[in-house]
Amino acid sequence: MADYDVIVIGAGPAGLAAAVSAYENGAKRVLVLERNSHPGGILKQCIHDGFGLVNFMVSLTGPEYAMRYTEMLRNTKVEIMLNTMVTRITPEREVSCVTRDGVKIFKAKAIILSTGCRERTRGMIELPGTRPAGILTAGVAQKLINIQNIRFGNKVVILGSGDVGLIMARRMTLEGMEVTCVLEKLPQLTGLLRNKNQCLDDYDIPLRLCQTVVDIQGTDRLERIVAANVDENGCVISGSEYAIDCDTLVLSVGLIPENELAKACGIKLADNGGPIVNDRFETSVEGIFSAGNSLHVHDLADYASQEGTTVGRFAAES
Ligand SMILES: Cc1cc2nc3c(=O)[nH]c(=O)nc-3n(C[C@H](O)[C@H](O)[C@H](O)COP(=O)(O)OP(=O)(O)OC[C@H]3O[C@@H](n4cnc5c(N)ncnc54)[C@H](O)[C@@H]3O)c2cc1C
């Protein structure tokens, strides 16, 4: 068991910024634990630009933005362990993880949880219908195209107007797929206006507000979805149903803070799924802090990094 001043779990924009800040604010032994083979979190699959406008006043791709923080980390004595999955933390601030060399346990004076978020799935929004292939979340679609170079369909409907879905509407169009429309249950867009302008309007992809999917049809592969209008209470308006032929349905229906470790440790969670924190971002368990999308979902990676910087300082001071 090795001792550290601060252990950061997750090397996304929030975790990298938190580790640099903890070090710069006096924590001598700082360790970052990351389950993936590279630092950068979800940004490795975000190859579009628009990152860094707030923090660096320049438009970077996701990997370029992540690289800036990785470089900052390299200029410190912070240690980073990749391919390392944290499986348990305790209120005594012991951190258990699985590495390629077996299980390791570390002890920290402070822990920062920066484990990111998860996407809402079909099951979570209770979409009715059959269970054919061709239904995937926007983040999975992004990973398949941008990292694995796999084109997974031809004719697509997107459900939900969250930012990841909007960005994927453009990306799939550029890959030669036909994006029929984006359906949004609410009367307004849920993502950023700039993403609607740049990713839907520029490619003539219609956004249909107050509409949802009420049926999924197909046996092996998705063949069509049935859409319908909803009223101001979100209830389906009977008689408004219409079918759209498609082989792919991409879900962009929300992100939820990822907090399995916090929950198992007894940390109190808020209704959004993130830990309840005080004004120093400390959770209900002393010495355990939270930053980034695992605390609450941020619109921009820049804001997640800024929060990481703040939380790194509080952790070092503690
Ligand atoms: C699919 C998707 C696409 C997005 N696209 C954009 C975009 O285009 N622009 C934008 O500004 N924002 C985008 N976001 C929002 C984005 O999540 C934030 O902007 C930013 O990446 C949040 O940073 P983070 O460090 O909190 O989380 P993340 O970037 O998600 O990093 C969390 C890290 O924690 C690691 N981790 C989690 N659990 C463990 C564990 N138990 N052990 C070890 N490591 C662990 C993960 O592997 C990951 O590397 C997107 C989000 C998603 C989900």
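Structure: see above.
Given the structure is predicted, the values throughout are model-derived calculations rather than measurements.

Could you give me a rundown of helix α1 (residues 13-24), with the residues and numbers involved?
Taking 1.5 Å as the rise per residue, α1 with 12 residues should run 16 Å; its terminal C-alpha atoms sit 17 Å apart, in good agreement. With 10 of its 12 residues buried, α1 lies for the most part within the structure. All of the buried residues along α1 are Pro-13, Ala-14, Gly-15, Leu-16, Ala-17, Ala-18, Ala-19, Val-20, Ser-21 and Ala-22. Downstream of α1 by one or two residues, Gly-26 has phi in the positive range, about 110 degrees.

Account for the site of the ligand, naming residues and giving values.
Every one of the 34 residues lining the ligand counts as a neighbour, but Ala-14, Glu-34, Arg-35, His-48 and Asn-293 are closest to it. One of the backbone N or O atoms of Pro-13 is found 3.2 Å from an oxygen atom in the ligand. Between His-48 and the ligand, the recorded distance is 2.5 Å, taken from a side-chain N or O atom to an oxygen atom. Isolated, the ligand exposes 970 Å² of accessible area, and the fraction of that covered by the protein chains is 94%.

Any details on the sheet that holds strand β15 (residues 248-251)? Residues and values, ideally.
Sheet architecture is open: 5 strands sit in the order β8-β15-β9-β10-β11, paired in parallel fashion. The sheet is open, and its two borders are formed by β8 (135-137) and β11 (207-209), each paired with just one other strand. Going across the sheet, the axis of each strand differs from the next one's by a mean of 25 degrees, ignoring polarity. In terms of strand pairing, strand β9 (residues 155-159) meets β15 through 4 bridges, oriented parallel. Directly across from Ile-158, in β15, lies its bridge partner Val-250. The strands that helix α4 (residues 138-146) touches are β8 and β15; relative to β8, the one it contacts most, it runs at about 90 degrees. Against the sheet, helix α5 (residues 163-174) touches β9, β10 (178-184) and β15, its axis set at about 170 degrees to β9.

Just give me the short version of the sheet that holds strand β13 (residues 224-229), but keep the residues and values in it.
The antiparallel open sheet is built from 3 strands, whose spatial order is β12-β13-β14. One side of each edge strand has no neighbouring strand; the edge strands of this open sheet are β12 (211-217) and β14 (242-245). Sheet twist, expressed as the mean angle between neighbouring strand axes with direction ignored, is 35 degrees. Where β13 lies against β14, 4 bridges are found, and the strand directions are antiparallel. By the bridge assignment for β14, Ile-225 is matched with Ile-244.

Tell me what's going on with the environment of Cys-46, and back it up with residues and numbers.
Inspection of the secondary structure puts Cys-46 in the loop between β2 (30-33) and α2 (62-74). For Cys-46, a relative accessible area of 8% gives the class buried. Sequence separation between Cys-46 and Ile-167 is 121 residues; the distance between their C-alpha atoms is 9.1 Å. When near neighbours in sequence (up to four residues on either side) are disregarded, Cys-46 contacts Phe-51, Thr-61, Gly-62, Pro-63 and Gln-142.

Describe the packing of aromatic side chains, with residues and values.
Per the stated rule, a full pass over the model turns up 6 aromatic pairs. Ring geometry for Phe-56 and Tyr-65: centres 5.7 Å apart, planes at 65 degrees, overall edge-to-face. Members of the aromatic cluster, each reached through a chain of ring pairs, are Phe-51, Phe-56, Tyr-65 and Tyr-69. For the cation-ring pair, Arg-29 lies above Tyr-4, with the distance from its terminal atom to the ring centre recorded as 4.3 Å. The ring of Phe-314 has Arg-313 lying over it, and the distance from NZ or CZ to the ring centre is 4.9 Å.

Quick rundown of the packing of α4 against α5? Include the residues and the values.
It is at 9 Å that the axes of α4 and α5 come closest, and there the two elements cross at 35 degrees. Seen from above, α4 lies across α5 with left-handed handedness. Of α5, the residues touching α4 (which contributes Ala-138, Gly-139, Ala-141, Gln-142, Ile-145 and Asn-146) are Val-164, Gly-165, Ile-167, Met-168, Arg-171 and Met-172. For the contact of α4 with α5, the per-class residue count stands at 7 nonpolar, 4 polar and 1 charged.

Summarise the pairing of strand β4 (residues 85-89); cite the residues concerned and give the values.
In summary, the side chains of a regular strand alternate between the two faces of the sheet. Where β4 meets strand β5 (residues 94-99), 4 bridges bridge the pair, whose relative direction is antiparallel. Within β5, the residue paired with Val-86 across the bridge is Cys-97. Taken together, β4 and the strand that follows it, β5, pair antiparallel across an intervening segment of 4 residues, in which Arg-93 is found at a positive phi of about 65 degrees.

Account for the pairing of β12, naming residues and giving values.
Where β12 meets β13, 6 bridges bridge the pair, whose relative direction is antiparallel. Within β13, the residue paired with Asp-215 across the bridge is Val-226. Hairpin connection between β12 and β13: a loop of 6 residues separates the two successive antiparallel strands, and Gly-218 in this loop has a positive phi of roughly 140 degrees.

I'd love a proper account of the pattern of salt bridges, names of residues and values included.
If you walk through the whole model with that rule in mind, you get 11 salt bridges. One salt bridge connects Lys-196 with Asp-201, and the closest N-O pair in it is separated by 3.2 Å. Classification of Asp-201 as partly exposed rests on a relative accessible area of 36%. Ionic pairing is found between Glu-317 and Arg-313, a salt bridge with its closest N-O pair at 3.5 Å. Of this pair, Glu-317 and Arg-313 both sit in helix α8 (residues 301-317), 4 residues apart, which is roughly one turn of that helix. A residue is classified by how much of its surface remains accessible, and Glu-317, at 45% relative accessible area, is partly exposed. With a relative accessible area of 33%, Arg-313 lands in the partly exposed category. Ionic contacts of the salt-bridge type, sharing partners, join the residues Arg-118, Glu-258, Glu-260 and Lys-263 into one network.

Definitions and cut-offs
- Residues numbered from 1 in each chain as written.
- Predicted model: local features only at pLDDT ≥ 70, side-chain atom pairs only at ≥ 80, totals over all residues.
- Heavy atoms only, no water.
- Helix = DSSP H or I, 4+ residues; strand = E, 2+ residues; numbered from the N terminus.
- Expected span 1.5 Å × (residues − 1).
- Buried < 20%, exposed > 50% of the residue type's maximum accessible area, 1.4 Å probe, protein only.
- Near = heavy atom within 4 Å.
- Polar contact = N/O pair within 3.5 Å; in protein donor to acceptor, adjacent residues only side chain to side chain.
- Areas by Shrake-Rupley, 256 points an atom, 1.4 Å probe, with all protein chains shown as cover.
- Pairing = 2+ DSSP bridges.
- Axes fitted to C-alpha atoms, helices over the stretch in contact; angles between N-to-C directions.
- Contact = heavy atoms within 4.5 Å.
- Phe/Tyr/Trp six-rings, centres within 6.5 Å; stacked < 30°, edge-to-face > 60°.
- Lys NZ or Arg CZ within 6 Å of the ring centre and 35° of its normal.
- Left-handed = near helix turned anticlockwise from the far one by under 90°.
- Nonpolar A, V, L, I, M, F, W, Y, C, P; charged D, E, K, R; others polar.
- Salt bridge = Lys/Arg side-chain N within 4 Å of Asp/Glu carboxyl O.

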